[in-house]
Amino acid sequence: MFSLFYDIIVSPLELCVEFIFELMFRLFGHAEKNQGLAVIGVSLAISVMTFPLYYRADQVQQKERDIQKKLAAGIKRIKETFKGDERFMILQAFYRENKYSPLSALNGSISLILEIPFFIAAYHFLSHLEVLQNASFGFIENLGAPDALITTKFFTINILPILMTTINCISSAIYLKGFPLKSKIQVYGMALIFLVLLYNSPSGLVIYWTCNNIFSLAKNIFYKIKNPKKILSRVFLIFGLLIPLLLIFSGIVNSKKKYAVLFIFMILMILPTVIEKVKKLKFNFNITPPPYIFK
């Protein structure tokens, strides 16, 4: 079963991660410490590509929470009044009356379910990536091994997984404001699971997932502000204009292929603002007819 899941879903995602990494690695080919930059680039690219998917998942989850909130009082009253098989039968009738299935509760976990194949794909690819072995990045001496940034005579502490979990918890606290305790336990529990799974993982993989959490934090802050679509389009516009210019002037971009990739990136980033401006244009096609001689 897992083999089928891997072949159908995870394997194509892993190929996608590999392609983006190769693209980023070549793009930063003349930059110092380009392996770490390529990992960050992959994380950013995957986060941007999957943003519409997670945005739709958040909408589905919010709809499910609204339904559960609406039915909560009736369910509580039934559970307090009835017991055993009678409670079960009346609950089923209550669900049918409100056109609700208890299986729909899985919709509340759709974001967590979506994370699993992306995590497995990134874990399998980055954990076995030879180019990360003995590659340094910033304070990290080896991207192919745990960071071990704090080393004593008796033990070592990996800081990156702790930083990753801290960012994840801050992001979750913003997102889960006003949510029921059940949802909070689920999300914080997943954060702890990721901490355990990634604590002794290669630091390149942890950097990837930390950048994902930073993007998630930015996304959750973005949800709390007014007119988020307009602000997002402005952010894309700034990225679309500044990043190509910075890369060109830095000397990293020095071939026609790289210029073409940057041009496509710039067009995609500017496009939301262009569409917004076009929608606001009001074309006046009213033509004043000539005066009639005879009425």
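Residues numbered from 1 in each chain as written. Predicted model: local features only at pLDDT ≥ 70, side-chain atom pairs only at ≥ 80, totals over all residues. Heavy atoms only, no water.

A. How the structure looks around a nonpolar patch on the surface. Taken together, the side chains of Leu271, Val274, Ile275, Val278 and Leu281 make up a nonpolar region of the molecular surface, amounting to roughly 410 Å² of accessible area. Within the element layout of this structure, Val274 appears in helix α9 (residues 256–280). Note on Val274: relative accessible area 41%, which makes it partly exposed. (Patch = residues over 30% accessible without salt bridge, like charges linked within 9 Å, V, L, I, M, F, W, Y side chains within 5 Å. Areas by Shrake-Rupley, 256 points an atom, 1.4 Å probe, with all protein chains shown as cover. Salt bridge = Lys/Arg side-chain N within 4 Å of Asp/Glu carboxyl O. Helix = DSSP H or I, 4+ residues; strand = E, 2+ residues; numbered from the N terminus. Buried < 20%, exposed > 50% of the residue type's maximum accessible area, 1.4 Å probe, protein only.)

B. Spotlight on the packing of aromatic side chains. Considering all chains together, one arrives at eight aromatic pairs under this definition. Judged by centre distance (6.4 Å) and plane angle (55 degrees), the rings of Phe94 and Tyr95 are tilted. Looking at Tyr95, the relative accessible area reads 12%, which means it is buried. Taken together through their ring pairs, the aromatic side chains of Phe119, Tyr123, Phe194, Tyr208 and Trp209 make up a single cluster. (Phe/Tyr/Trp six-rings, centres within 6.5 Å; stacked < 30°, edge-to-face > 60°.)

C. Region of the structure containing the confidence of the model for the chain. Summing up the model confidence of the chain, the mean pLDDT is 80 and the portion of residues at 70 or higher is 84%. No element of the chain has a lower mean pLDDT than helix α8 (residues 228–249), at 71, and none a higher one than helix α5 (residues 159–175), at 89. (pLDDT = per-residue confidence, 0-100.)

D. Structural view of the packing of helix α4 (residues 110–127) against helix α6 (residues 181–198). Running from N to C, α4 and α6 point in directions that differ by 10 degrees, and their axes come no closer than 13 Å. The angle between α4 and α6 falls in the class roughly parallel. Residues Leu112, Glu115, Phe119 and Tyr123 of α4 pack against Gln186, Met190, Phe194, Leu197 and Leu198 of α6. Among the residues making up the contact of α4 with α6, the classes are represented as seven nonpolar, one polar and one charged. (Axes fitted to C-alpha atoms, helices over the stretch in contact; angles between N-to-C directions. Parallel < 35°, antiparallel > 145°, perpendicular 65-115°, else oblique. Contact = heavy atoms within 4.5 Å. Nonpolar A, V, L, I, M, F, W, Y, C, P; charged D, E, K, R; others polar.)

E. Broad picture of the environment of Met164. Position of Met164 among the secondary structure elements: in helix α5. On the accessibility criterion, Met164 (1% relative accessible area) is buried. In this structure, the C-alpha to C-alpha distance between Met164 and Asn212, residues 48 residues apart in sequence, is 9.1 Å. When sequence neighbours within four positions are dropped, the list of residues in contact with Met164 reads Phe194, Leu195, Leu198, Val206, Trp209, Thr210 and Asn213.

F. Structural view of the nonpolar core. If you look at the biggest cluster of nonpolar residues, it comprises 39 residues, and the most contacted ones within it are Met24, Val42, Ile207 and Tyr208. Sorting the residues of this core by element identifies α1 (2–27), α2 (34–81), α4, α5, α6 and α7 (203–224) as the ones contributing at least two each. Contact partners of Ile207, with chain neighbours within four places excluded, come to Val39, Ile40, Phe137, Ile140, Leu143 and Leu160. Residues Ile78, Leu91, Phe94 and Tyr95 belong to the second largest nonpolar core, which totals seven residues. (Core = buried A, V, L, I, M, F, W, Y, C linked by side-chain atoms within 4.5 Å.)

G. Spotlight on the environment of Phe119. As for its position among the elements, Phe119 is in helix α4. For Phe119 and Val10, which are 109 residues apart along the polypeptide, the C-alpha to C-alpha distance reads 9.1 Å. Setting aside anything within four residues of it in sequence, one finds Phe119 in contact with Phe194, Leu197, Leu198 and Trp209.

H. Structural detail: α5. Taking 1.5 Å of rise per residue, the 17 residues of α5 would be expected to cover 24 Å, and the 24 Å separating its terminal C-alpha atoms lies within 8% of that figure. Looking at the buried side of α5, the elements it contacts are α2, α6 and α7. (Expected span 1.5 Å × (residues − 1).)

I. Quick peek at α6. Helix length check: α6, at 18 residues, gives a terminal C-alpha distance of 26 Å against a target of 26 Å (1.5 Å per residue), a fit within 8%. By the burial criterion, the buried members of α6 are Ser183, Val187, Ala191, Phe194 and Leu198. Projected down its long axis, α6 shows its buried positions confined to an angular sector of 75 degrees, all on one face. Facing away from the buried surface of α6 by more than 90 degrees, the exposed residues are Leu181, Lys182, Ile185, Leu192 and Val196. If you follow the buried residues of α6, they end up packed against α4, α5 and α7. (Arc of directions from axis to C-beta.)

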